[in-house]
Amino acid sequence: FIGGSVTARASAGDDHCFAKLTQNWLQKTFPESEMTYINQGIASTSYFAVLRLGQCLMKYDPDFVFIEFGQNDTSAAKGTNP
């Protein structure tokens, strides 16, 4: 999982954030699958995440990635004028 503050557990905590709940559901639904849960959420913008992708996530050579960026992106964060 990579994303902003929602992925980073915000106020939900480690066990009740959407990323962990999703991983729990996947493991229960597909018990024969081998899964490794990695949460690389950080309170930031999608622009910052692009810079972090290789260092924080792709080094694990994932087969499946969830990406969440639904908030906090502004024209300034994207490097464009308002």
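Right above here is the structure, for reference.
Attention in this report is confined to the structure presented alongside it. None of the values given here were measured: they were computed from a predicted structure. (Residues numbered from 1 in each chain as written. Predicted model: local features only at pLDDT ≥ 70, side-chain atom pairs only at ≥ 80, totals over all residues. Heavy atoms only, no water.)

This part covers the side chain of Gln23. Within the secondary structure, Gln23 sits in helix 1 (residues 18–29). Residue Gln23 is classed as buried on the basis of its relative accessible area of 11%. The contacts of Gln23, once residues within four sequence positions are left out, are Phe1, Met35 and Tyr37. (Helix = DSSP H or I, 4+ residues; strand = E, 2+ residues; numbered from the N terminus. Buried < 20%, exposed > 50% of the residue type's maximum accessible area, 1.4 Å probe, protein only. Contact = heavy atoms within 4.5 Å.)

Right, let's get into the environment of Leu57. Along the chain, Leu57 falls in helix 2 (residues 46–57). Taking the C-alpha atoms as reference, Leu57 lies 8.9 Å from Asn39; in sequence the two are 18 residues apart. The residues touching Leu57, leaving out its near neighbours within four places in the chain, are Phe1, Ile2, Gln40, Arg52, Pro62 and Val65.

The next thing to look at is unusual backbone geometry. Unlike most non-glycine residues, Asp61 shows phi in positive territory, near 50°. Assignment of secondary structure puts Asp61 in the loop between helix 2 and strand 3 (67–68).

Attention now moves to helix 1. Between its terminal C-alpha atoms helix 1 stretches 16 Å, which fits the 16 Å expected from 12 residues at 1.5 Å a residue. Residues of helix 1 that are buried: Ala19, Gln23 and Leu26. Down the axis, helix 1 shows its buried residues gathered within 60° of arc, on one side only. Facing away from the buried side of helix 1 by over 90 degrees, the exposed positions are Trp25 and Lys28. (Expected span 1.5 Å × (residues − 1). Arc of directions from axis to C-beta.)

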